[in-house]
Amino acid sequence: MRYVGQPIDRLDGVAKTTGAARFSAEYPYPNLAYAALVHATIARGRITRIDTGTARKTPGVLAVITHGNAPEMKPAPKPNQFDMSTLAAATSVNYLNTDEVYWNGQPVAVVVAETLDVAREAAYLIEVEYAEYPAAVDFAAEEGNARPQKSTMLSEADGRKGDAEAALADAPFALDLRYTTAQVNHNAIEPHSTTAYWDGDHLILHEGSQNVAWVRDHLAIRFDLPKQNVRVISPFVGGAFGGKSFVWPGTVLTALAAKVTGRPVRMMLTREGVFRTVGGRTPSIQRVAIGAQLDGSMTALIHTSVCQVGRTGGWSEQVTSVSRHLYDAANIQVQQNLVGMDLLANTIMRAPGESIGSFALEATVDELAYELGLDPIELRARNEPARNPLDGKAFSHRLLMECFEEGAKEFGWAGRPQEPGSMRDGRWLIGMGVAAAYHPAWRFPANLTVRLSDDGTVLIRCGLHEMGMGSATAVSQIAADALCVPMAAVTVAYGDTALPDTTTAGASSQTASVTASLLAACAKLDRAVFTLARKTPGSPLRGLRRADVTARDGGLYNGSRGESYHDILRRAGRASVEARVGADTRLGEIADQVRSMSKFLLDRRRWVKAACGAQFCEVLVDSDTGETRISRWLGVFDVGRVVNAKTAASQLRGGIVMGIGLALTEETLVDPRNGRIVNASLSEYHVPVHADIPVIDVRYLDDPDPTMPLGVVGIGEVGVTGVAGAVANAVFHATGKRIRDLPITLDKLL
Amino acid sequence: MDFLRPTTWADALAAKAERPEATPIQGGTDVMVEINLDKGRPAALLDLNPVAELRDWSSEDGWLRIGAGVSYTRLIDELGDRLPGLAQASRTVGSPQIRNRGTVAGNLGAASPAGDSHPPLLASDALVEAESVRGSRLIPIGEFYLGVKRNALEPDELIRAVRVPYADGPQYFSKIGTRNAMVIAVCSFAVALHPSRRGVGTGIGSAAPTPRRAPEAEEFLAGELDWDGRTAVPDETARRFGELVARAASPIDDVRGTRDYRVHALAVMARRTLGWAWTEYRGI
């Protein structure tokens, strides 16, 4: 392969760095109007009065929309596992079609005006009165009300092997620990933005999205339109991390505002608006208990969790999933629980479940190693399973211990004294920590077309999403190799519902999903072109069998006999040849879904597939003030085949940075009295800055997974897993203190 | 909201006399944040950026007169050698972009207890030069901070300049944040040694309703230091100094840190900055 694996610059790099790339709030329209939201200030209740008089009179205001005058919208569909697009409804609230308030921050009015400033000014002038209902908003206080989470086709909420509680009670050595993690929010650099306009009964939407088809399907339902009347355009997304997977109020209300005013309308949420109307990662309370023999072999592993969901919706995280796969314990019990809260629906955020679940598990494993006097990596090696521990399924591919071995060598792990608090440089205590990274590999159906034109160029039409990770670049590399054409000949059209529905850019699945379809389409195209050449009079390929012919240099050849694609198509009098994967009829679509779902389930019965890795962290902790600095980082990953060495490393590195935020600084603070987020800004919600991040060394083994297309395993999320565990373990090694509550802030270390 | 844009200092004073409720704005690094977060809407903004006089600094009789429009970046580059404490604090303000815009006078105008420049100003006995159409006056820094985000300026007054004496001894600043940069202080501390008068200056940030000094700690340390012999500070003296500094604070629990943490950290910073300052004084 000429391109796959190479560190190729992202194709949209120049467009992005020069500002030529257009994001959803940057599409110019004549007569554009601007919208701003008014947020509820109570957690639960009813609106008893809205005074919009002053706002309406503000010069430049076009409309003030409230539940009193909003056009009727259809309710959101009930989530249904068989139609994934129903998941798109982030909440079940029919915004501005109800006087009920379900969370503190819910939009209760929209102002549309000639300018953004007027819209925001007028929104500020609206006064709302409420009748308040009792509300459950304090997560810590609601723990007792948690109920077992339901399993879904995609994710099991519980599991057991043997009798873990009994084994724990009988174990020669046992730990039984409680962990808590804070709510955090995605904080993509691009706040959620929508530009919407109506052309008759057609709705056109520019929207930063991780799933344009879901946005289209959802809006078609809400506005009672045929699907084909809605077009969602989203070629560039300024970061998402799960926060742009579903449809949040701003999107629906921008379309509504455009309908009411008859003008194109843009709504760009403020950072505060994002905090108030787009969910984040649930807080969690977790129990991890491990029973072990004195040699370290685990006899019992129990991992349970309590997370929150909003009463109007919320993603159920697979917090304990890592404990199904990582250690060969004789008895295992995992159980996830949920508590309903009168808060904004939480949502998926990079490695939902695994990021916080791996913290609790990996911190406990580390603690066990210290208690037993074993090296933490040695303890892991002694519990490395040959088959999936919970159910004995085969791993499709697993080089976890190889990651630890390479990492230990590169990081200088062996030279570290195991004794906590034993390394010091002046006032700085030094500690080294390690943790496993683990994230399941997913694959979903993806439709696309590949067209070869008689000028030798290739056009891939595919509704994939580009949130900064380099998807289109990777797809170009794969296609160029598959068809043996130069990369410069390949164009990818993406991020638009006018293209074939591809798949969600989530669950680290997009590249693998698209690759499968892309390879199939390229193979079809190759056959079609060869057949065409073979049949065309005068073709040098006439009479040959496909097996005699090799694709190379933008053409088909048998030795020196053969010709370029350009010549093949010209000779046949064809402007282009196209191959398609995925049906273009509704019936075909359903058949495709059934087919891919059965393949998916069959695959799941056969194999456990995942990306994994080893995270190595060195911290400095100020012995007097508890200030913690990450001084070195190494992540070694088994992520199957890497398509682009540069963007893959960047994505893994980005995951680690996000994990460092989760570990040390990020915390969404919810007022336990009224459910209001109190630090809804980047000045008080602290993401890591450059000065917090050392050089991050990222390596991968580049060993293809035999069960995945091209051997590709998703890399979007595995980087964030294990990070908080490695930090907490390093902090312990530095200070002798176990902090089991994220984030690890200064005051917890004194 | 009105936006007033005088081009001379005289016009600025006249505008402020006419519209005392106008909020002065220079770099906008505080005022704009407050507006963006909807923490109030001033009736008018008084933009001082066009006023050229404010962008100068001058030096006379051992004092620096720093115009209200001198950015942190310029202060660090041009005055850092003469005002090491203030320069250290200035380096911890925001990001390079913020330091290019923000000013010490803006910090004084906002009078946030967490403002980074307050502790070194307190430690070095700065004066705030306030002016109105009625005239000009110098407000000792210790009398300038009245309460949370309240200062001693009259409604018609503007800050013309800050006057800071040349450092006559070592000055150090220390700040603790929840991350490494671009962060509001959990707490901060500045110390200045004044060997010429055998005095010690201190300033505490983000650990009381206003920035404040620790007079008892200053007096104690001034009496204990071996100014002539320059012998090492006994551990017990440093510890006591730290205790007295911590005792001068009255912090609260908030989103950035707990009361107990602040008390502890102040004592640490006091000992630490004293150690640095005394080492410099001893010339080792």
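All figures in this text were calculated on a predicted structure; none of them were measured in a lab. (Residues numbered from 1 in each chain as written. Chains lettered and ligands numbered in written order. Predicted model: local features only at pLDDT ≥ 70, side-chain atom pairs only at ≥ 80, totals over all residues. Heavy atoms only, no water.)

A. The arrangement of the overall build of chain A in detail. The helix and strand inventory of chain A stands at 18 helices and 30 strands. Relative to the 2.2 N^0.38 estimate, which gives 27 Å for 750 residues, the radius of gyration of chain A is 27 Å and therefore close to what a compact globule would have. With respect to the three principal axes, the spread of C-alpha positions in chain A is 80 × 75 × 50 Å. Taken over 750 residues, chain A has a buried fraction of 63%. Counting contacts in chain A only where the partners sit at least 6 residues apart, residues at least 24 apart contribute 80% of the total. Accessible area for chain A stands at about 26,800 Å²; split by element, carbon and sulfur atoms hold 51% of it. Across chain A, 76 positive and 82 negative side-chain charges occur, with their mean positions spaced 7 Å apart. (Helix = DSSP H or I, 4+ residues; strand = E, 2+ residues; numbered from the N terminus. Rg over C-alpha atoms; globule rule 2.2 N^0.38 Å. Buried < 20%, exposed > 50% of the residue type's maximum accessible area, 1.4 Å probe, protein only. Contact = heavy atoms within 4.5 Å. Areas by Shrake-Rupley, 256 points an atom, 1.4 Å probe, with all protein chains shown as cover. Lys, Arg positive; Asp, Glu negative; His and termini not counted. Charge placed at Lys NZ, Arg CZ, Asp CG, Glu CD.)

B. Focus on the overall build of chain B. Helix and strand counts for chain B come out as 10 helices and 13 strands. The C-alpha radius of gyration computed for chain B amounts to 19 Å, which stays within 12% of the reference 19 Å derived for 284 residues, consistent with globular compactness. The dimensions of chain B, computed from C-alpha atoms along their principal axes, are 60 × 45 × 30 Å. Taken over 284 residues, chain B has a buried fraction of 54%. Within chain B, counting contacts between residues at least 6 apart in sequence, those at least 24 apart form 63% of the total. With the model as given, the accessible surface of chain B reaches about 11,700 Å², and the carbon-plus-sulfur share is 50%. Here chain B holds 34 positive side-chain charges and 37 negative ones, and the gap between their average locations is 4 Å.

C. Representation of the domain arrangement of chain B within the structure. Residue and element names in this part refer to chain B. Assigned domains within chain B: domain 1 (56-165) and domain 2 (171-283). Between the C-alpha centres of domain 1 and domain 2 the distance comes to 20 Å. Contacts between the two partners involve 24 residues from domain 1, matched on the other side by 27 residues from domain 2. Across the domain 1-domain 2 interface, the total number found is three salt bridges. With its nearest N and O atoms 2.6 Å apart, the salt bridge here joins Asp125 to Arg197. Counting across the interface, domain 1 meets domain 2 through 10 residue pairs in polar contact (both at pLDDT 80 or more). Those elements giving two or more residues to the side of domain 1 that touches domain 2 turn out to be helix H4 (84-91), helix H7 (118-123) and strand E8 (145-147). Taken together, the residues of the side of domain 1 that touches domain 2 sort by class into 13 nonpolar, nine polar and two charged. (Domains from an automatic or database assignment. Salt bridge = Lys/Arg side-chain N within 4 Å of Asp/Glu carboxyl O. Polar contact = N/O pair within 3.5 Å; in protein donor to acceptor, adjacent residues only side chain to side chain. Nonpolar A, V, L, I, M, F, W, Y, C, P; charged D, E, K, R; others polar.)

D. Molecular detail of the domain arrangement of chain A. All names here are of chain A. What the domain assignment reports for chain A is domain 1 (15-134 + 189-240 + 244-277), domain 2 (141-184 + 281-442 + 605-749) and domain 3 (446-581). Look at where the C-alpha atoms of domain 2 and domain 3 centre, and you get two points 40 Å apart. Roughly 1,100 Å² of surface becomes buried between domain 2 and domain 3 when both sides are summed, with 64% attributable to carbon and sulfur atoms. Of all residues in domain 2, Trp442, Val643 and Pro709 give up the largest surface area on contact with domain 3, accounting jointly for 40% of the area buried on that side. Counting across the interface, domain 2 meets domain 3 through four residue pairs in polar contact (both at pLDDT 80 or more). Residue classes in the side of domain 2 that touches domain 3 are distributed as seven nonpolar, six polar and one charged. (Buried area = accessible area lost by both parts, 1.4 Å probe.)

E. Up close: the packing of aromatic side chains. Throughout the structure, instances matching the rule amount to 18 aromatic pairs over all chains. With a centroid separation of 6.2 Å and 10 degrees between ring planes, the pair formed by Trp442 of chain A and Phe444 of chain A is classed as stacked. Looking at Phe444 of chain A, the relative accessible area reads 12%, which means it is buried. Ring geometry for Trp227 of chain B against Tyr281 of chain B: centres 5.8 Å apart, planes inclined by 80 degrees, an arrangement best described as edge-to-face. Pair noted here: Trp227 of chain B is in the loop between helix H8 (215-224) and helix H9 (235-248) and Tyr281 of chain B is in helix H10 (residues 259-282), with a separation of 54 residues, a long-range link. Across the pair, exposure class does not vary: Trp227 of chain B and Tyr281 of chain B are buried alike. (Phe/Tyr/Trp six-rings, centres within 6.5 Å; stacked < 30°, edge-to-face > 60°.)

F. A look at the environment of Asp61 of chain B. Within the element layout of this structure, Asp61 of chain B appears in the loop between strand E4 (57-60) and strand E5 (63-67). Measuring from C-alpha to C-alpha, the distance between Asp61 of chain B and Arg160 of chain B comes to 19 Å, with 99 residues separating the pair along the chain.

G. View of the packing of H8 of chain B against H9 of chain B. Residue and element names in this part refer to chain B. Here H8 crosses H9 at 165 degrees, and the two axes come no closer than 8 Å. One finds that H8 runs roughly antiparallel with respect to H9. Where H8 crosses over H9, the handedness of that crossing is left-handed. On H9, the residues touching Glu216, Ala217, Phe220, Leu221 and Glu224 of H8 are Thr237, Arg240, Phe241, Leu244, Val245 and Arg247. Partitioned by chemical class, the residues of the contact of H8 with H9 number six nonpolar, one polar and four charged. (Axes fitted to C-alpha atoms, helices over the stretch in contact; angles between N-to-C directions. Parallel < 35°, antiparallel > 145°, perpendicular 65-115°, else oblique. Left-handed = near helix turned anticlockwise from the far one by under 90°.)

H. Local environment of the UniProt feature "domain: FAD-binding PCMH-type" (unreviewed entry) in chain B. With numbering matched to this structure, UniProt assigns "domain: FAD-binding PCMH-type" (unreviewed entry) to residues 1-169 of chain B. Within residues 1-169 of chain B, the helical portion is 30% and the strand portion 26%, while the C-alpha atoms at the span's ends are 47 Å from each other. (UniProt positions renumbered as here; feature names shortened; annotations may be inferred.)

I. Quick peek at the UniProt feature "domain: Aldehyde oxidase/xanthine dehydrogenase a/b hammerhead" (unreviewed entry) in chain A. Following the UniProt record, one finds the feature "domain: Aldehyde oxidase/xanthine dehydrogenase a/b hammerhead" (unreviewed entry) at residues 18-134 of chain A. A helix fraction of 12% and a strand fraction of 30% characterise residues 18-134 of chain A, whose end C-alpha atoms lie 51 Å from each other.

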